[in-house]
Each structure stands twice: as C-alpha cells, then as structure tokens.
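Close look at the chain arrangement
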Amino acid sequence: MAADQKPAENAISGQKSLADFDPPKKPKRKIFATACAMLASMTSILLGYDIGVMSGASIYIQDDLKISDVQVEVLMGILNLYSLLGSAAAGRTSDWIGRRYTIVLAGAIFFAGALLMGFATNYAFLMFGRFVAGIGVGYALMIAPVYTAEVSPASSRGFLTSFPEVFINAGILLGYVSNYAFSKLPLHLGWRLMLGVGALPSVVLAVGVLAMPESPRWLVMQGRLGEAKRVLDKTSDSLEEAQLRLADIKEAAGIPEHCNDDVVQVSKRSHGEDVWKELILHPTPAIRHILIAAIGIHFFQQASGIDAVVLYSPRIFAKAGITSSDKKLLATVAVGIVKTLFILVATFLLDRIGRRPLLLSSVGGMICSLCMLGVGLTIVEHSQEKVMWAVVLSITMVMFYVAFFSIGMGPITWVYSSEIFPLKLRAQGTSMGVAVNRVTSGVIGMTFISLTKGITTGGAFFLFASIAVVAWVFFYALLPETQGRTLEDIEVLFGKFHKWRKANALLKNKNTEVNDGDNRNGQIQLENRGQVA
C-alpha cells in the first residue's frame, strides 16, 4: 500500500525523479513489425524486376528473335494476364496453408519462371517462361499487402503496408540497372542474363521468410489463439493494443470472447466458406461499397498509364528525340531512381497526412504532367526540326509523372485495398482487386505500341490524362479516409457511398466521447488519490 501511495504523494507535492525527465523509449515491437513487413514485401521485387528489365530487354529480344511489334506487345503485357491465375489461386491458398508459406510458394514459382526465360531459345519457349513467372507474380502481388496489413499495428499500418509498392519500385530500378549493365554483352547473351538474374531475389526471399511469424489473423481463423497472442504481443505498440486487436479479430472470426484457450474449435465459415457468396452474390451495402472502392482504385492506378511509361520508357524517350541506346537506358534508370525516391517519401507521409489528401494531390499532379507530356510529344512528333524545349519538356514531364504517381497513387492503392476488407473477406477481396489491376495493366502493356500508331504517342498521354480526371472524381466522391482506424472498424465508414462523411463524423464523435470518458476517469482517480494522501 505504501508503494502505491508514494508515486501519488510525489505527483501531488510536485516532486519529480530523474526518470520523469527521460524521453519515452520507442517500443521494440514496431521494429519487429517493420522487419516482418519488409520480408513479406520483398515478394514485390519479383514483379518490379520483371517490369523494369523487360523495358530494355524487349529491344534486344526483338533484334535477336526477329519478332514483330505486336509480338513484343504481347510479350510485355501477357505476364499480367498470366498473373491472374496466381492471384485467383492465392486467396484460397493463403487461407489453406497460411500467408507465410504462400509467400514461399510465390518465390519458388517465380524462380522457375526466371530460369526458363533465361534459357529460352525461341519465342514460344520465352512465352512459357513468362507464363510460369506470371503465376508467381500473381501470388506475390496478392499475399504481400494482405500479410503486411494483418501484422501491422494501426498507428503504422499505412507506412508498413506501402512496403510492397516500395519494393516494386526497387525491383523496377534493379531491372533498369540490369538492362544497362548487360547491354554491352553479345546480343544473344545480354537479354538472357537480364531475365535469368531475376531468379536471385526469390532465393533470398525463400530464406528470409523462415524468420517471419505467421499472420495473427490467419492463426485466429485456424483457432490457434495462443500463437496469435504471441505474435500480436510482438507486433503491437503496447500489450493493451495487442489484447484489443486479439478481441477484434476473435469477434470478426466468430470466436466467443470468453474463449481464451491456446487452441479452440472454429466454425467452418471462418475458414473461408461461402466467402464468394457474401462478397459478390449477396453483399451488404458496406461490402458492395468496399468492393467498388477496391476495384476502382486498382483499375484507375493502371488505366492512368503508369505501366506504359515504365514498360516503354526507352521508346518514349526515342519519340522525345533521344537517339543513343546508352542515353535511352540511362534516362530510363533516372525514371527508376525518381520513382523509388518518391515512394520512400510517400511511406513516411501516409500515416501523418492521411490517404485521401495524398491520393487526390497525387492524381492532380499526374493529370497536369500527363497533359504537358502530351503537349511536348505532340510538338516533337509534328516538327520537322528538333525543338529542344519540347524535348526537355517531354523528358521532365515523364519524371514529374512518375514522381506524382509514386507519392500517392502507387502506394495508396495497395494500402487502401488491403485494409478496407473485413477479415473473413480480406484474402479473396484483395485478390479481386489485384486481378483487376493486372488485367488493366496487361491491356495497357499489350496495346500501347498499337495505340501510339493509331492516335500518336502524344494522343495516348492525353487519353491517360482524361482517365486520370475521371479517377480524381471517383476518389473524391467514394473513398473515405481510413488513417488511424482499426481494420475491424473501417467497415463502419462504408455503405453510404458518396455520403460516407456522415459515418466518418459519427466515428469522430464516438472517439471524442471515449477520450473524454478516459480523461474524466483519470481526474476522478487523481482526486481520490489526493483525498487518500
């Protein structure tokens, strides 16, 4: 009793010990959650590397295998369509064998695909390699954001869930550097090494994933509460938050609150049964809104032309007036550097500024830069002589476009779509978003050369700008802010569609009342302590 009274007496009398002046120590739990998110997100390097390396390798493949522009388009974009098979299977696979082993499977499949592409002797062999690699990419794209969202505390979920996009950009940059590094080798050898080296990241991934814990939400879905509690204790900001997260997950999984055994029985429904019926056939208004938001953000991310710029950078720079192969590849490396730097900036802003302000300002900047790029390329294409200011404008606007994309639209697509689905629908819902993302990317990749021939390169970017305008309106009207919300509370924001602001106001009032109640309780406790003293 005396020990309890001593701090109260010190607080009332105004005395303070030296310990009171020490800065609060940052919990080590955040470091563990960050390490888990980084390891899971490394799967995204696989897609990034493939996108980056194909932009330059396609030039040498076309020269070596003597293939047409249409065959080049198909080769570039087909991996995205193949990845649909991986994404479609990944939701069910991750519910079956767990998030962690699904990541291992993604790395193994891509490893086989990269080796097949590296040893390809003709176009058909190369297409088969891209088929295998595409399935691995589909698995990787779906599972990385799901695992990261499920292991992250609410305070840093935006930062950690943006890691997949960071690693996609790192992979793109590595692919561009690989293009430049192997471009001096003999024609038949250079592009094969560019593609074959892509097998290396998947080996590192397979080793690193052994150090990761399983997703706490998946463990609860299996009834393994003891293991889930240990993971949550390590990845939450405090033990109190870990208990709250466990209670929320148990409720979402249909496990009674009083069940606290290490292993409990879970109803079949929480294993993923009837998920598609609940998601597509008979969705509630909230689920329908969530699905529209997730599919919409994935569609517009790709329909606004990012893969056209990333995949066809050397060709765009050639249209802008750069003729040297070395300079085209170096300019492409510069695109990769800008893209990676700005995605790193975005990761630190997501949880400070919020999703909506970053997303809307990002898309606004993309619209402006796409319009200016269209103007620059149109002037270059229609001028008899080299118009230097138009060349500089075009190159600069490519850099501005990827910068604006990377600071908002790029990472927020993955963060937002992985955090808005309720637990039992999260894996399948996210896989649907990824499927739309890959189909749209595949269509853009497989039609861009034909599109530029039909409406000119400048015209293609005016088209992307008009799509980005529609995207801005869609995001403004239908996407509520999710910053700082728990995954299980986010569903409350959805269901009102464009009237979501009312639900947001109710949640704010609820949080204010809870905080006021906590403050009143704290004041009562201090008054009681003062009376005891």
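The model shown is predicted, which means the values in this text are computed figures rather than measured ones.

**A word on the overall build of the protein chain**
When helices and strands are tallied, the protein chain shows 22 helices and zero strands. Expressed as a percentage of the 533 residues in the protein chain, the buried residues total 55%. Across the protein chain, every contact between residues at least 6 apart in sequence was considered, and the portion connecting residues at least 24 apart equals 81%. Only carbon and sulfur atoms are counted for the fraction: they give 65% of the accessible area of the protein chain, which is about 22700 Å².

**Some words on helix α21 (residues 423–478)**
Taking 1.5 Å per residue as the helical rise, α21 with its 56 residues ought to reach 82 Å, whereas the 21 Å between its terminal C-alpha atoms falls clearly short. Remark: the principal bend of α21, roughly 105°, maps to I455.

**Some thoughts on the side chain of E150**
Within the fold, E150 resides in helix α6 (residues 123–151). A distance of 2.9 Å separates the side chain of E150 from the side chain of R99, its partner in a polar contact. Looking at E150, its side chain comes within polar contact range of the side chain of S215, at 2.6 Å. Excluding anything up to four places from it in sequence, E150 contacts R99, S215, P216, R217, W218, R245, L423 and R426.

**Focus: the nonpolar core**
I61 and F475 are the most contacted members of the largest nonpolar core, which totals 104 residues. For this core, the element with the most residues is α21, which contributes 15 residues. With residues up to four places along the chain from it excluded, the contact list for I61 reads M54, K66, I67, L75, L126, W191 and L195. In this structure, I143, V264, V266 and L423 belong to the second largest nonpolar core, which totals 41 residues.

**Points about the environment of I444**
Take I444: it is sitting in helix α21. Remark: the alpha-carbon pair of I444 and L311, spanning 133 residues in sequence, is separated by 9.8 Å.

**Some words on the side chain of S394**
In this fold, S394 is placed in helix α20 (residues 388–419). What S394 contacts, discounting residues up to four positions off in sequence, is A320, L373, G376, L377 and V380.

**Some details on helix α13 (residues 239–252)**
Taking 1.5 Å of rise per residue, 14 residues should cover 20 Å, and α13 covers 20 Å from first to last C-alpha, within 8% of that figure. Buried residues of α13: E241, A242, R245, L246, I249 and K250, and no others. The inward-facing, buried residues of α13 abut α6, α11 (216–221), α12 (225–235) and α21. Two residues or fewer after α13 comes G254, characterised by a positive phi angle close to 80°.

**A short note on unusual backbone geometry**
Even without being a glycine, K66 presents a positive backbone phi close to 55°. Following the sequence through the fold, K66 ends up in the loop between α3 (44–65) and α4 (69–97). On the basis of relative accessibility, which here comes to 66%, the residue K66 falls in the exposed class. In this structure, T456 is a non-glycine residue whose phi angle is positive, near 70°. Among the secondary structure elements, T456 is positioned in helix α21.

**Overview of the confidence of the model for the protein chain**
Mean pLDDT over the protein chain stands at 81; residues scoring 70 or higher make up 85%. Element-level mean pLDDT values for the protein chain span from 44 in helix α1 (residues 2–13) up to 93 in helix α19 (residues 355–382). Considering only residues more than four positions removed or in separate chains, one finds that residues 1–26, a stretch of pLDDT under 50, has seven contacts. Considering only residues more than four positions removed or in separate chains, one finds that residues 529–533, a stretch of pLDDT under 50, has five contacts.

**Thoughts on the packing of α3 against helix α9 (residues 187–196)**
Direction vectors running N to C along α3 and α9 enclose 160°, while the axes themselves pass 9 Å from each other. When the axes of α3 and α9 are compared, the pair comes out roughly antiparallel. Regarding α3 and α9, the two cross each other, and that crossing is left-handed. Across the interface between the two elements, Y49, V53, M54, A57, Y60, I61, D63, D64 and L65 of α3 pack against L187, H188, W191, R192, M194 and L195 of α9. Taken together, the residues of the contact of α3 with α9 sort by class into 11 nonpolar, one polar and three charged.

**Comments concerning the packing of α4 against α6**
Taken N-terminus to C-terminus, the directions of α4 and α6 make an angle of 40°; their axes are 6 Å apart at the nearest point. With respect to their mutual orientation, α4 and α6 come out oblique. Between α4 and α6 lies a crossing of right-handed hand. Residues of the contact of α4 with α6, tallied by class, amount to 19 nonpolar, nine polar and one charged.

**Here's the deal with a nonpolar patch on the surface**
Taken together, F111, L115, F119, V203 and V207 make up a surface patch of nonpolar side chains, about 460 Å² in accessible area. With respect to the helices and strands, the residue F111 is situated in helix α5 (residues 99–118). Classification of F111 by relative accessible area gives partly exposed; the value is 30%.

**Focus on the packing of aromatic side chains**
What the rule picks out here adds up to 12 aromatic pairs. The interplanar angle of 65° and the centroid separation of 6.0 Å between the aromatic rings of F448 and F461 together place this pair among those described as edge-to-face. One aromatic cluster is present, built from ring pairs that chain together F299, F300, F474 and F475. Of note, R100 hangs over the ring of Y101, and the distance from its end group to the ring centre comes to 5.1 Å. Seen from the ring of Y180, K184 lies directly overhead, with NZ or CZ sitting 4.7 Å from the centre.

**Points about the pattern of salt bridges**
Applying the stated criterion across every chain, the model contains eight salt bridges. Across the pair D95 and R99 runs a salt bridge whose closest N-O atoms are separated by 2.8 Å. You'll find D95 and R99 in the same group, each marked buried. Among the ionic pairs, R355 bridges to E419, the shortest N-O distance being 3.0 Å.

About the cut-offs
- Residues numbered from 1 in each chain as written.
- Predicted model: local features only at pLDDT ≥ 70, side-chain atom pairs only at ≥ 80, totals over all residues.
- Heavy atoms only, no water.
- Helix = DSSP H or I, 4+ residues; strand = E, 2+ residues; numbered from the N terminus.
- Buried < 20%, exposed > 50% of the residue type's maximum accessible area, 1.4 Å probe, protein only.
- Contact = heavy atoms within 4.5 Å.
- Areas by Shrake-Rupley, 256 points an atom, 1.4 Å probe, with all protein chains shown as cover.
- Expected span 1.5 Å × (residues − 1).
- Bend = angle between axes of the 7 residues up to and from the residue.
- Polar contact = N/O pair within 3.5 Å; in protein donor to acceptor, adjacent residues only side chain to side chain.
- Core = buried A, V, L, I, M, F, W, Y, C linked by side-chain atoms within 4.5 Å.
- pLDDT = per-residue confidence, 0-100.
- Axes fitted to C-alpha atoms, helices over the stretch in contact; angles between N-to-C directions.
- Parallel < 35°, antiparallel > 145°, perpendicular 65-115°, else oblique.
- Left-handed = near helix turned anticlockwise from the far one by under 90°.
- Nonpolar A, V, L, I, M, F, W, Y, C, P; charged D, E, K, R; others polar.
- Patch = residues over 30% accessible without salt bridge, like charges linked within 9 Å, V, L, I, M, F, W, Y side chains within 5 Å.
- Salt bridge = Lys/Arg side-chain N within 4 Å of Asp/Glu carboxyl O.
- Phe/Tyr/Trp six-rings, centres within 6.5 Å; stacked < 30°, edge-to-face > 60°.
- Lys NZ or Arg CZ within 6 Å of the ring centre and 35° of its normal.

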